[in-house]
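Geometric and topological summary
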Amino acid sequence: MINHTVLFKLKEETTATQKQELIDALQALGGKIDELKEIQVKENFSDRSKGFDVVLYSIFDSKEALESYQVHPAHVKVVGENVKPILADILVADIEY
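A few points on the structure. Values in this document were obtained by computation on a predicted structure and should not be read as measured data.

Procedures and definitions
- Residues numbered from 1 in each chain as written.
- Predicted model: local features only at pLDDT ≥ 70, side-chain atom pairs only at ≥ 80, totals over all residues.
- Heavy atoms only, no water.
- Helix = DSSP H or I, 4+ residues; strand = E, 2+ residues; numbered from the N terminus.
- Rg over C-alpha atoms; globule rule 2.2 N^0.38 Å.
- Buried < 20%, exposed > 50% of the residue type's maximum accessible area, 1.4 Å probe, protein only.
- Areas by Shrake-Rupley, 256 points an atom, 1.4 Å probe, with all protein chains shown as cover.
- Lys, Arg positive; Asp, Glu negative; His and termini not counted.
- Charge placed at Lys NZ, Arg CZ, Asp CG, Glu CD.
- Patch = residues over 30% accessible without salt bridge, like charges linked within 9 Å, V, L, I, M, F, W, Y side chains within 5 Å.
- Salt bridge = Lys/Arg side-chain N within 4 Å of Asp/Glu carboxyl O.

Counting secondary structure elements, the chain contains three helices and four strands. From first element to last, N terminus to C terminus, the chain shows the α and β order β-α-β-β-α-α-β. Its C-alpha atoms give the chain a radius of gyration of 13 Å, near enough to 13 Å, the size a compact globule of 97 residues would have. When its C-alpha atoms are laid out on the principal axes, the chain stretches across 35 × 25 × 15 Å. Counting only residues that meet the buried cut, the chain has 35% of its 97 residues in that class. When the accessible surface of the chain is summed, it comes to about 6,000 Å², and 51% of that surface belongs to carbon and sulfur atoms. Of the side chains in the chain, 11 bear a positive and 17 a negative charge, and the two mean positions are spaced by 3 Å.

This is how it looks when you write it as structure tokens:
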């Protein structure tokens, strides 16, 4: 199993609507990509967040499944339309267990 966790730091000028659209679009990938076994996308409320606003937690059966997800047209579309326009920084952690 692979846990793919992403922390998104959004640009300061990002609106609450844009942030929610990002969360909703990423969360909706769960119903569109077979390789994606579980996904949770939520706003980060920690006071130790170092400015990272949104957290994506996802599960895949294998590294190959994660690789397929990353190039899947639905994922690529969300990244292009909802993530990149408001992204200031990103942190990714992938672990296998």
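Backbone geometry places lysine 50, a non-glycine residue, at a positive phi of 55°. With respect to the helices and strands, the residue lysine 50 is situated in the loop between β2 (38-43) and β3 (54-60).

On the surface, a nonpolar cluster with roughly 410 Å² of combined accessible area is contributed by Met1, Tyr57, Ile95 and Tyr97. Summarising the element assignment, tyrosine 97 is placed in the segment after β4 (87-96). On the basis of relative accessible area, tyrosine 97 is assigned to the exposed category, the value being 54%.

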